[in-house]
Structure formats: C-alpha cells, structure tokens
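The primary structure of each chain is shown beneath.
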Amino acid sequence: MDEMGNYTLHRDFQLLGFLRYKNLQLVIFISVLWMYLFTLCANLVIIILVCLVPQLHTPMYFFLSKLSVQDIIYVTAILPKLIDITLTGDNRISYPGCITQMFLYVFCATVEFLLLTFMAYDRYVAICIPMRYCIIMKKSLCVSLAAVSWLIAAPNSMMYCWLVSKLIFCGDQKINNFFCEVKTLLELSCSNINHIRIILLVLGLLLGVLPFSLILISYTNIISSVLKISSSERKFKFFSSCFSHITVVVLYCGTTLSFYLKPDTPDLQETDKLLSLLFVVFTPLLNPLVYSLRNKDITNASKRMINVCLR
C-alpha cells in the first residue's frame, strides 16, 4: 500500500452492493446465482447453435454469436463477485481485481454498442437493399466489423484503467455499487478528475450516442421502406425480423446512456444501482430469450439439435 498523508494510492476497495438490505441477502444470492447460470447457459447454447447449424451461418447470427460471447464475459466479470459478497458478507475487492473488473466492464459495454450498431446495419441492408445483401454483407466484412469492435474497445478500456490507476483515493474507499464502475470510482478520488469527466463525456458521445444515432438512422430507413410495401403480411414479417434487435437496443442503450449522460446526483445512488442492474444483469439475461423466443430459425435449430442428441 502506497501512502501520501491521509491518502492512499493502492488499497482494497469495498463494494457496498446490496448489503444494506440485510434481510434480503438470501433472496439476492439465489436470484443473482440463477440469473448468472441461466445467462451463461443460454448464451452458450446460442454460440453452439450458430457454430454447428449451417442454416445459422449468416451475418445476423454471426453478430448474435459475438454478442453472446461478450455477454458471457460481461456477467462473468461482475456477477461471481456479487454472489460471493451476498453469500459471505466479505465485500472487499483488491485494487488489481477492481481495475480488472473495470477493464472487462468497459470493454464489453463498448463492444455491445458497436455490435448492436452493426446488427442494425445488417437489417438495413437486408430490408432496404436486399438485392445487394450477399454482395455487401460478405463474411470478410462481418469478421472485419467484429474485429473493429474489439480493436476499439480494448484501447478504450485500457485508457480508462490507466487514468484511474493514476488517481489518489481517500477515505474508506467504499464503492456504492455492486461492481467497480468508473463514475462511482471517480467519486472516491481526491485527485483532480475534471479531465477524466471530460474524456468520459466525449467518449460517451463517440462510442455511445453516435452508435445509438446510427441505429436510429438505420431503423428510420427500414421503417420508411417497409411502410411503402403494400402487403400487410410482408410488413409484419419485416417488422418481426427487427423486433428482437429493437427490444435489446431500447433496453441496453436506453439504460446505459441514461446512467452515464444524466447529471450526477448523490441522492439517486440507489436508482443508479437499479439502472446498473438493467444493463449489466438483465440485458445479457434477456438477449438469448428475446432472440430465441421471437426467432423461428433459432427455435427450429434448437429442436433439431435436441432431436440429434436424443437419437
């Protein structure tokens, strides 16, 4: 531990999580454990289906499988520690552990925004310019787009970790959240963090608002094209193919942008935790449900795989 007067550079943090709700710890433990295991298994099923079923070897399912991979990393970086805290009551997290958790969180959040943007572009090409779909959405382009999301997310996450590692922390270093989230960590610092807040805002606009705007533009064009179709049956088919993606976009992008772009208010810290739960826990949980329940291809592929396994 490095000390500077009453301040410390590197020391264990304490994740307050939901420990204030002492009578609900068992309920929280069971709920979080169930959500973690279900998210893990459901996303693994999607990855396996996309890999093994030839009918799912399309750009849309390629991006969906990558979304499932990052969702698994997302919840694994955060939920096991929350489960441990609710089970043991030991809410300490080491400085390296906290930085690692923050890196994985920022990495996955960035990748998710970019992948959702690429999936919206895929739907735009499929519906608005279907004759050129196979020419535009080639395998090489899909792989390149997925690689771009990782290549942008990795340095973005490393930069956040580097900036936070240079901060001096004071007080008892209690993080009023259930994971090492950037904004909450900044509140504990005794250093000048104005430059980091500016960087956080700029990157939030570039990697959050800009992708969300591109998604909105894609769906504006999609809706415009679909409304020109005279057949009600075809309209329903096209809107149905986009429903799953729109649901995830509204849930994930809406809650994440609300959390990071709203003014910091100490009185709303418990509300912030609930918002964090939505985009950290519930979105990875709902992704496989939304895409599988509303998708005949995934449902049929699951049935075929079950029949093969039962033979």
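Residues numbered from 1 in each chain as written. Predicted model: local features only at pLDDT ≥ 70, side-chain atom pairs only at ≥ 80, totals over all residues. Heavy atoms only, no water.

### Digging into the UniProt feature "transmembrane region" (unreviewed entry) in the chain
What counts here: UniProt positions are given in the numbering used here, feature names are shortened, and annotations may be inferred rather than shown by experiment. Numbering of helices and strands starts at the N terminus; helices are DSSP runs of H or I of at least 4 residues and strands are runs of E of at least 2.
Those places that UniProt annotates as "transmembrane region" (unreviewed entry) correspond, in this numbering, to residues 26-53, 103-121, 133-153, 196-217, 238-261 and 273-293. End C-alpha to end C-alpha, residues 103-121 measures 27 Å, and it is 100% helix and 0% strand. Secondary structure content for residues 133-153 is 90% helix and 0% strand, while the C-alpha to C-alpha distance between its ends is 27 Å.

### Brief notes about the packing of aromatic side chains
As a reminder, the rule being used: Working definition: rings of Phe, Tyr and Trp (its six-membered ring) pair if their centres are within 6.5 Å, and the pair is stacked with planes under 30 degrees apart, edge-to-face with planes over 60 apart, and tilted otherwise. Each residue gets one of three labels from its accessible area relative to the maximum for its type: buried under 20%, exposed over 50%, partly exposed in between, using a 1.4 Å probe on protein chains only. Throughout this description, the term charge over a ring refers to an Arg CZ or Lys NZ atom that lies within 6 Å of the ring centre and within 35 degrees of the ring normal.
Scanning the model with the defined rule gives 14 aromatic pairs in all. Relative to Tyr-105, the ring of Tyr-74 has its centre 6.0 Å away and its plane inclined at 40°; by these criteria the two rings are tilted. You can see Tyr-74 sitting in helix 2 (residues 59-88) and its partner Tyr-105 sitting in helix 3 (residues 95-128), a full 31 residues away along the chain. For the pair formed by Tyr-74 and Tyr-105, the shared burial category is buried. Aromatic rings pair up to connect Phe-18, Tyr-74, Tyr-105, Phe-113, Phe-178, Phe-179, Tyr-252 and Phe-279 into one cluster. Positioned over the ring face of Phe-18 is Lys-273, at 5.7 Å from the centre of the ring.

### Focus on the sheet that holds strand 5 (residues 174-175)
What counts is decided by this rule: For two strands to be treated as a pair, DSSP must find at least two bridges joining them.
In spatial order, the strands read 4-3-5; together these three strands make up an open sheet with mixed pairing. Strands at the two margins of the open sheet, each flanked by one partner only, are strand 4 (92-93) and strand 5. Relative to strand 5, strand 3 (residues 13-15) runs parallel, the two being bridged by two bridges. Each bridged residue has a counterpart across the sheet, and for Leu-15 the counterpart in strand 5 is Ile-175.

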